[in-house]
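Overview (structure and organization)
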Amino acid sequence: MSAAASFGWGALYGLGASLVIAVAALFGVWAERKVAARIQMRYGPLEAGPFGLLQTLADTIKLVLKEDVTPNSADVPVFRIMPFLVFVPCAAALVVVPFAAGWTPFGIEAGALFFLAVPGMSVLGILLAGWSSRNTYASIGGVRAAAQMVSYELPRSLSVLALCLLAGSLDPGVIRAEWSWWWLPLMAIGFVVYFIASIAELNRGPFDLPEAESELVAGYFADYSGIRWAIFMMAEYGGLVAASLFGAGVFFGGGFGLPGPVGAVVFVALAVAMTICMVWAKWTFPRLRPDQLMSFAWKVLTPMALGQLALVGLVLPWL
Amino acid sequence: MTPDEMAALLERITAHNPRLHPLFSLEFGDAVVGVERAELFATAADLRDAGFDRLGMVTAVDRDEVFVLVYRLHSRSLSAAIFLKTLVPRDDAWVASLVELWPAALWQEREVFDLFGIHFEGHPDLRRILLPDDFVGHPLRKDYDDPRLIRRPDYI
Amino acid sequence: MAVTRQQDKATVPDRTPTSVRLAISATDDFSPGLKGFAERVRSLVVGLGITARRSVSRPVTLKYPAEKVELSPRWRGALRLTGVLGREDVALIEGPASDYNGLIDDLYRHDRLPPCVGNCPANVDARGQSFLLADDRAAEAYELVRARNILPGVLGRICHHPCESACKRTYYDEPIAIRPLHRVAFERYAEHRAERVAPLPVTREERIAIIGSGPSGLAAAFDLMHAGFEVHVYEKEHAAGGALLSGVPAYRLPRDVLATEIADLQTMGMKLLTGVRIGTDVPIDHLIGEYDAVLIAAGLQVSRMLPVPGSDAQGIWGALDFLKAGNWKGGCGVKGRRVLVIGGGNVAVDCARVALRCGAAQVTLSSLESMDELPAHPWEIEEALDEGVIAMCSYGPKEVLVENGRVAGMRLQSCLSVFDAQGRFAPVFAEEFTDVPADVIVFAIGQAPQLAELVSGSDLVLTERGLLPVDGALMTTQVPGVFACGEVVTGPGSAIASVASGHEAATSIIRYLDGRSLSEGRVYRPVPVYPRYQPATLTGVEPARRRTVMPMAKGADRARDFRQVELGFTHLEGLAEAARCLRCASEVCVGCTFCARTCPDYAITVERIDDPGHRSVTRYDLDLSKCCFCGLCAEQCPTGALRHTGQYELSFYHRDFAVFDRHEMVRSPEGSRATGADCRGCGDAR
Amino acid sequence: MTGVLGATVWFVIGLVAAATAFIGVVFAANALLSPRRPTREKGEPFECGMDQAGLPWSAQRMRFSTVAMLFVLFDAEAVLLFAVASRLHGNLLALIEVAAFVCFLGLGLAYAWRKGALEWRS
Amino acid sequence: MALVDRISGALDSGPGGVILTSVDALINWARGQSLWAFPMGTACCAMELIAASFSKFDFDRMGTFPRPDPRHTDVMILAGTITEKMRPAVRRLYEQMPDPKWVVAMGNCTVSGGIFYYDTYSVVRGADEFLPVDVYVAGCPPRPESLQDAIIQLRRLVAEESIAPGRRHEQTTTLPRPKAGGDR
Amino acid sequence: MAVSVESRNLVSAPDGGSREELVVNVGPSHPSTHGVGRVIVHLDGDIVVKAEPVIGYLHRGIEKMAENRTYLQVVPLTDRLDYVGSMYANWAYCRAVERLAGIAVPERAEYLRVIVCELQRIASHMMGIGASAADTGAFTFFIYAFDQRERIIELFERLCGARLTYNYVRPGGVSFDAPQGWTQDVLAFTKAFRAAAADLDRLFFGNVIARGRMKGIGVLSADDAVAWGASGPTARASGVNWDLRKHDPYSVYPRMDFDVVVGERGDAYDRGRCRLLECVESCRIIDQAISQMHPGPVRTEGLPRLLQPRPGEAYDHIESARGSLGVYLVSDGSVRPYRMHVRSPAFCNLALLPLLAEGHTLSDLVVVLGSLDPVFGEVDR
């Protein structure tokens, strides 16, 4: 493939991923508000559009038209660039999601590694976003985010690694293609680790320490307003969608390996279910304290992931 | 606590501590004892040792020439409460701080200082607490006046 | 978590043990190891389960705007005021007294009847009287009162005024002096009497006989004359008035007042036949045959006596005889003697004070009840003590000490309590005796009827207590066409209650003669409608604004003779006192400004003119933006003119909009609705 | 090889460019349409309505270095595992080697745990 | 200087006016439906402000989403007494909200000082002494429904605005004002 | 630019070296300060080395205002002291007035006061533990707890027409008798609340994260609790068995059978759970009060509006949701109090914050603050 064609495909997929994230954020925020509302015995958005479906659209239009405030004391270039640094890796993560068996948009062999590594870039974005605001809450939030994302990176990687061992490939598409039903019980622990670590990676409750409302008011984006803040939120929901799709793709073999449209529907349903579960957990549990968070990562999740790895290692010789 | 018990208690503590004088009748329910300003701290310490382990309330009343400082002491072991009062001249408003005896006085004395301008000697951190640091005057004094204080018109 | 029990079990009625331990034992920490891990996971799953369960239940959110919050009937919201009554725009109470009188029926509902009217047994319109008096229309006021209380001048002196104890102004300071205002009205009626009192036309051919010319008989006569009947009143004494004449001492009720008012009735057409004793002079059957209806309003004639040893000695008096002797015969032979009055009621106090006026050397009042429990009105006791009566409370009579057939004194036994826990009369005595020397002993422990003679020869049957049984509030006896009212029915009671029963009897007689149903459409009057407000026993509270104080003769002088003790109000005092009336329940603002005085945040501002006799509000602002919605103003409003609206206080764009002045608050014809129209479901809850 | 790598790089560049452009468009719209009314107070960092009490760029002592160290160690090891992940099917010898590697990883974690490196609070 | 600031004059006349009107309609719809609240709750009214966001009254259904950070919000809901000590903080928080922004004064303390108008030395008598208040809500405290009504009124205010400076849309409804009348 | 050189504090560390402190304002407008409290926090890394509460952002001068209001007009002011539990301040104030003026209160009024105050205790505790749970991030728990509170508010609204500032307890009684069917609804509520409380307990106090967040945090010893004048659940969670309803019984509480909930550890968890268990005890009290209540007057009859007690002073206190709430009243014989002072439990409890928070992390600070359950209307007055 020529460089130009690669660039073209890359741009196309980049645009597509951005749009998917935008739409996912639109509906993700709506869904989160609705699910949270139901848990809280409310209705949630009702007035903007049918069932409040246009609520997030209204929010977005409003945010685009909001004044973009940059604090005087901020490190202005860094402050302004950081939303990009958070958003772009998020979009990039989407291109290695196995949308079909044996196929990912990007199509590199080390797709799993790409999926795990690239969103890790956003740690930098968040840390610097907090740092550059010169806001106390923001900088505390940024540091918390860095520590947290770094800690949960490991168990998440290990749980995906177990899958890669099982499939004998790093390509998510291949993993999806190789999937068979007995992986489900075998990879149960790995999936739980992946699921929890994904929540933590995305700074979502109960792991939302970096933006802990009751402690840090808004955390690392405390001084971001309008559209810049919206980009952070979009990235968060994009990450949510990407993690759910990837998880459904590799851990459940898409739609349990079912072919055709049925598989596609089940695949999407699984991803939606995972997203809803993440929202459900967020609105049920209290938030962890930083030390609890760290010890959970290192003392619970990492051993679990290692255990999963060992379990997979036990069956590997018979494959 | 019945009035009889209260009277007995009052008698007991005043007999035990000659610096205390019973001040008022018991018709409103609580025993009230008075003490000279100079002897406040020593008396309060005695009372604490006698079982009044809790300083419930510190406040003051502006009686024109003097401020009446009112302490409410409470004892769980005796199951009793008394009011300890001392008079502080308006133009020389200071009194010993009881923070060393009861940390509960830490904020309450600051509040009295803030609103009445009574100095508590020995208080570790005597600053304004409720009002802004740059506030002028002590508003709960009866002679406090302020353009911001619009008086309510009166029908009665 | 430990739970301590320090409960005195004895003081606790039927304990219901409830476990305070909730679903989990939260004090216990998680177990170590894998079990603890499982417990931890379980706690998370339980939490998820709870939220999931809630999420599938119906949201508690009101689906708006279809569903609205139902406001409580006691809702405290924005205020409205109906009608502002100044001098110039009298809205409701207007026109001659008779028109206003018609309103009583309209107002005859619990919530709209003013407390004074509701609490009066005869429903005398005290509110209307105050209004008319304040407006300097004394003649109308007098006639308004007379419509329900035929002897305003008399009762203006002797009534026990249940109206005043219900007066809502008590909440604010002190009640209106309603009873003295009757007297003011009476005194000012003198100049109108000649022109306004005229014979009533007799339009009906039926004739009615009334036995007894006490308050109840006269009340019935008045109503019946107004209905167009010819009324004959039989009186066994030589002057009309009944108990008012024989039982009420002249220092309370001058004779000419009673005579004037009875003369008015005679002018109207009442035939008075004095000196006729029914039963002995004329058998009652004769009356029943002669007249179309007979009303027995004979009252109580005899005093009860105590069957203690020595009670037949010389110098023992019954209260009625004693009073009659004191009142009529100018003395009862107690000059220079020591008098002991047994009893604690109003009659006893009267006896004591009469004895003083008759020149007794020493008057002692001995009662079974303690000072606080005395059945006599407190003001009577106070006046008696003022005059020098000695009270010996909590003593019961044991025996009369007799020397030579004459009273020498009385042995009294100390009484510990009079009533038992259920409030029944069950005196408990201590073994302690006191001898009180006395030359004259008056038993004022109650009166009894003496009707056997009266009803002899007829089909009328008396009750065990000697009273005439009547059918509920209809006042009918066993014999058709014979009615009874007053104390022969009720037993000892107040004058105003007798008046009320006279009115009821008259209504029954009119219906009977019209051939209508006696009971149809008649409400059994719920008297008292309002609770009586007895002044609370306060140790340190004084009312801030006093009512006009009744001028009294000085205690030492007044005990010498039978001149009236209460001196009465002057014209101006009367005006001022009448103007104090709040005109409760009229639902029109009368400018009393109580709301403004009560408002803790001065959200109600009033500019007003306040002079004796008049109230006028020139400006009245309600500031919604200062109001703290405490509801005190509406609670204080005596007329019910100030109310909470059914709306939520709504949002507005300019702060000035939150102030209403007087003209916006006046009730609009259609009963305007506030901003409900624009709000989607918020403000328009009702 | 270079071609494939080049294509991958160009793909990524294209991806980043498109995503950046996407946000750029949104930012441009924002810059054009939103109001701009800066004031001095608006530019101050938010701290609950108060003057900023402290300098946020001071050191954050969050035992971060230990965590970072552990992360680097373990993540590097995990990445090494990724490298061989696709070559382990049925290869018992390699598997044993890798198992040993993972055991070392686990032992390292246990050691760190034991040493208290995982205790956040002192 | 935003682009619209320069071209609005041109847009305002001719067919541009129609475009501008429809753009305004869209924008004002979005802004009105998405009035995120900065809950500046200081005293009693804060309880009703919380109640308004919670399950029974549910602010979220109106798109009003309380955020504790002024940077993310559009409307400051002043709920509760503002003291002289608090005033600079409130002012600063208001300033820190990005434009466009609105202020709802909830409760009589913020409308006028309310019950704390007289005899006190430390209370600001009405938020409009130092903030441009758009909607006042009377009450002490106002019911949550009253607050929701304020948001509805605020939407109307928003609907009158135009993205072009100096231009306002005709008000289509009369401004509400409370009336004293009304029957139970 | 607000950053100044002075704010970079160099303090000596225990090990003799120097370290940099980070100073953060928490409040006055912070979601976890429960109003307008402000805590200046000195952080060493994540650890709080000094927490200095700054209060007074809601100081409205109610004590001064009371000097220019009549005795009745002060009642609405007391509503606004502890706005989460208006009934308490009403009652404490009215008790002081009644003591001063020698007013006897009808029995039914006392029962109604007990019922509304126990309901208020549940409402206030629901707010307290809900808000402190929200500080740990359990926002849904807050909503569930608030839902229970909302039910009580509805009951109160039917009783006196207001949702928050009730102005219900008045000198000499209460303002209204219970409406038709109200007591049955209260009984239905207490029945339902017991089940709801079990749910709330499992959802939050049983949760592993919440336990980890709250256990061992902000431990207050019993001696400290007494010496610092702590009262209410704050003191009781530390094992101080002191409840005015039991130990200085007032009103009709001696006729009630209930238990005082006393904690063991004195940490944030015990303080929170003490409140929840107290709510269940309150249900018991309410049930008993309703069964013991007889019809009768609810206000002293004939009490004039303008009270004018003779000169003197009176103090009376009740057990509010936050502790011992006392009102000290001085009369000079006029129609207005000469001086009113409110002994505010929240004020005394909040003074403990520096003691409890130091040594914990910033995340724990909000938990400790929440567990003290301050209401700034009462703290600042």
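Residues numbered from 1 in each chain as written. Chains lettered and ligands numbered in written order. Predicted model: local features only at pLDDT ≥ 70, side-chain atom pairs only at ≥ 80, totals over all residues. Heavy atoms only, no water.

Observations regarding the overall build of chain C
Counting secondary structure elements, chain C contains 24 helices and 22 strands. In chain C, buried positions account for 56% of the 686 residues. For chain C, the proportion of contacts with a sequence separation of at least 24, taken over those separated by at least 6, is 71%. (Helix = DSSP H or I, 4+ residues; strand = E, 2+ residues; numbered from the N terminus. Buried < 20%, exposed > 50% of the residue type's maximum accessible area, 1.4 Å probe, protein only. Contact = heavy atoms within 4.5 Å.)

Focus: the overall build of chain D
Within chain D one finds three helices and zero strands. Expressed as a percentage of the 122 residues in chain D, the buried residues total 42%. With an accessible surface of roughly 6,500 Å², chain D has 72% of that area assigned to carbon and sulfur atoms. (Areas by Shrake-Rupley, 256 points an atom, 1.4 Å probe, with all protein chains shown as cover.)

What about the packing of helix α15 (residues 346-357) of chain C against helix α16 (residues 378-387) of chain C?
Residues and elements named next belong to chain C. α16 packs onto α15 with a crossing angle of 25 degrees between their chain directions and a minimal axis gap of 10 Å. Here α16 runs roughly parallel to α15, going by the angle between their axes. The element α15 and its partner α16 pack so that their crossing is left-handed. Every residue of α16 that contacts α15 at Asn346, Val349, Asp350, Arg353, Leu356 and Arg357 is listed here: Glu380, Ile381, Glu383, Ala384 and Glu387. Here the contact of α15 with α16 is composed, by residue class, of four nonpolar, one polar and six charged. (Axes fitted to C-alpha atoms, helices over the stretch in contact; angles between N-to-C directions. Parallel < 35°, antiparallel > 145°, perpendicular 65-115°, else oblique. Left-handed = near helix turned anticlockwise from the far one by under 90°. Nonpolar A, V, L, I, M, F, W, Y, C, P; charged D, E, K, R; others polar.)

Some thoughts on the packing of aromatic side chains
Within this structure, the stated rule accounts for 46 aromatic pairs over all chains. Taken together, a centroid distance of 4.0 Å and an interplanar angle of 20 degrees make the contact between Tyr142 of chain C and Tyr189 of chain C stacked. Note that Tyr142 of chain C is positioned in helix α5 (residues 138-148) and Tyr189 of chain C in helix α9 (residues 178-196), a separation of 47 residues in sequence. By relative accessible area, which is 1% here, Tyr142 of chain C ends up buried. Among the residues examined, Tyr189 of chain C registers a relative accessible area of 0% and is labelled buried. Between Phe205 of chain F and Tyr269 of chain F, the aromatic rings sit 5.7 Å apart at their centres with planes inclined by 75 degrees, giving edge-to-face as the arrangement. Placement of Phe205 of chain F in helix α6 (residues 182-205) and of Tyr269 of chain F in helix α11 (residues 268-292) is noted, with a sequence separation of 64 residues between them. Tyr269 of chain F gets classed as buried once you look at its relative accessible area, which sits at 1%. Aromatic rings pair up to connect Phe79, Phe221, Tyr224, Trp229 and Phe232 of chain A together with Trp36 and Phe65 of chain E into one cluster. Directly above the ring of Tyr117 of chain E sits Arg125 of chain E, whose terminal nitrogen or CZ lies 5.4 Å from the centroid. (Phe/Tyr/Trp six-rings, centres within 6.5 Å; stacked < 30°, edge-to-face > 60°. Lys NZ or Arg CZ within 6 Å of the ring centre and 35° of its normal.)

As for the pairing of strand β3 (residues 54-63) of chain B
Residues and elements named next belong to chain B. With nine of its 10 residues buried, β3 lies for the most part within the structure. Pairing of β3 with strand β4 (residues 66-75) involves nine bridges; the strand directions are antiparallel. Its bridge partner being in β4, Leu55 is matched across the sheet by Leu73. (Pairing = 2+ DSSP bridges.)

As for the sheet that holds strand β11 (residues 337-343) of chain F
Residue and element names in this part refer to chain F. If you walk across this open sheet you meet the three strands as β9-β10-β11, and the pairing is antiparallel. Two strands bound the open sheet, and with one partner strand each, they are β9 (312-320) and β11. When strand polarity is set aside, the average angle formed by the axes of neighbouring strands in this sheet is 15 degrees. Relative to strand β10 (residues 323-331), β9 is paired through nine bridges, and the arrangement is antiparallel. Each bridged residue has a counterpart across the sheet, and for Glu319 the counterpart in β10 is Ser324.

Quick word on the sheet that holds strand β4 (residues 38-44) of chain F
If you trace the three strands from one edge of the open sheet to the other, you get β3-β4-β5 (chain F), paired in antiparallel fashion. Among the strands making up the open sheet, the edge pair consists of β3 (22-26) and β5 (47-54) of chain F. Sheet twist, expressed as the average angle between the axes of neighbouring strands with direction ignored, equals 20 degrees. Relative to β4 of chain F, β3 of chain F runs antiparallel, the two being bridged by five bridges. In the strand pairing of β4 of chain F, Leu22 of chain F is matched with Leu43 of chain F. Against the sheet, helix α6 (residues 136-167) of chain A engages β3 and β4 of chain F, with an angle of about 115 degrees to β3 of chain F.

Description of the environment of His238 of chain C
Tracing the sequence through the fold places His238 of chain C in the loop between β4 (230-235) and α11 (243-246). Separated by 35 residues in the primary sequence, His238 of chain C and Leu273 of chain C place their C-alpha atoms 8.7 Å from one another.

Points about the confidence of the model for chain C
Residue and element names in this part refer to chain C. This prediction gives chain C a mean pLDDT of 73; 74% of its residues lie at or above 70. Throughout residues 526-545 the model reports pLDDT below 50, and contacts reaching past four residues in sequence, or to other chains, amount to 67 contacts. Counting contacts from residues 666-686, a segment whose pLDDT is below 50, to residues more than four positions away or on other chains yields 53 contacts. (pLDDT = per-residue confidence, 0-100.)

What to know about unusual backbone geometry
For the bond from Asp99 of chain E to Pro100 of chain E, the omega torsion is -10 degrees, close enough to zero to count as cis. Turning to its location among the elements, Pro100 of chain E is positioned in the loop between α4 (87-96) and β3 (102-106). In the segment running from Cys140 of chain E into Pro141 of chain E, the intervening peptide bond is cis, with an omega of -10 degrees. Notably, Phe51 of chain A is not glycine yet its phi reads approximately 55 degrees, a positive angle. Within the secondary structure, Phe51 of chain A is located in the loop between α1 (3-39) and α2 (55-64). What makes Phe51 of chain A exposed here is its relative accessible area of 59%. At Asn167 of chain F, a residue that is not glycine, the phi angle is positive and equals roughly 55 degrees.

Let's talk about the packing of helix α3 (residues 86-101) of chain F against helix α4 (residues 107-135) of chain F
All names here are of chain F. Orientation of α3 relative to α4, taken along the N-to-C sense of each, is 145 degrees, at an axis distance of 8 Å. Crossing geometry of α3 relative to α4 is assigned as left-handed. On α4, the residues that touch Ser86, Met87, Tyr88, Trp91, Cys94, Arg95 and Glu98 of α3 are Glu110, Arg113, Val114, Val116, Cys117, Gln120 and Arg121. Taken together, the residues that form the contact of α3 with α4 break down as seven nonpolar, two polar and five charged.

Brief notes about the state of the cysteines
Per the stated rule, a full pass over the model turns up zero disulfides over all chains. Cysteine Cys633 of chain C is unpaired, with the sulfur of Cys630 of chain C as its nearest cysteine sulfur at 6.1 Å. In this structure Cys45 of chain E is not part of a disulfide, and its nearest cysteine sulfur, from Cys44 of chain E, lies 6.2 Å away. (Disulfide = S-S within 2.5 Å.)

A word on the pattern of salt bridges
Oppositely charged side chains can pair when the atoms bearing their charge come close. Counted by the stated rule, this structure contains 78 salt bridges over all chains. Between Asp62 of chain B and Arg90 of chain B there is a salt bridge, with the nearest N and O atoms lying 2.7 Å from each other. One end of the pair, Asp62 of chain B, is in strand β3; the other, Arg90 of chain B, is in the loop between β5 (80-89) and β6 (94-96), and 28 residues separate them in sequence. Residue Asp62 of chain B shares its accessibility class with Arg90 of chain B, and that shared class is buried. A salt bridge links Asp243 of chain F to Arg245 of chain F; the nearest nitrogen and oxygen atoms lie 2.8 Å apart. (Salt bridge = Lys/Arg side-chain N within 4 Å of Asp/Glu carboxyl O.)

Topic: a nonpolar patch on the surface
There is a patch of nonpolar side chains on the surface, built from Val23, Phe27, Phe51, Leu53, Leu54 and Leu57 of chain A and spanning about 520 Å² of accessible area. On the basis of relative accessible area, Leu57 of chain A is assigned to the partly exposed category, the value being 35%. (Patch = residues over 30% accessible without salt bridge, like charges linked within 9 Å, V, L, I, M, F, W, Y side chains within 5 Å.)

Points about helix α2 (residues 40-49) of chain B
All names here are of chain B. When we look at burial in α2, the residues that qualify are Leu40, Thr43, Ala44, Ala45 and Leu47. Contact partners of the buried residues in α2: β4, β5 and β6. Downstream of α2 by a residue or two, Gly51 has a phi angle that is positive, lying close to 120 degrees.

Some remarks on the environment of Arg60 of chain F
Assignment of secondary structure puts Arg60 of chain F in the loop between β5 and α1 (62-66). Along the primary structure Arg60 of chain F and Arg80 of chain F are separated by 20 residues, whereas in three dimensions their C-alpha atoms are 9.9 Å apart.

A look at the side chain of Arg289 of chain A
Along the polypeptide, Arg289 of chain A turns up in the loop between α13 (260-282) and α14 (290-315). A polar contact is formed between the side chain of Arg289 of chain A and the backbone oxygen of Arg213 of chain F, at a distance of 3.3 Å. (Polar contact = N/O pair within 3.5 Å; in protein donor to acceptor, adjacent residues only side chain to side chain.)

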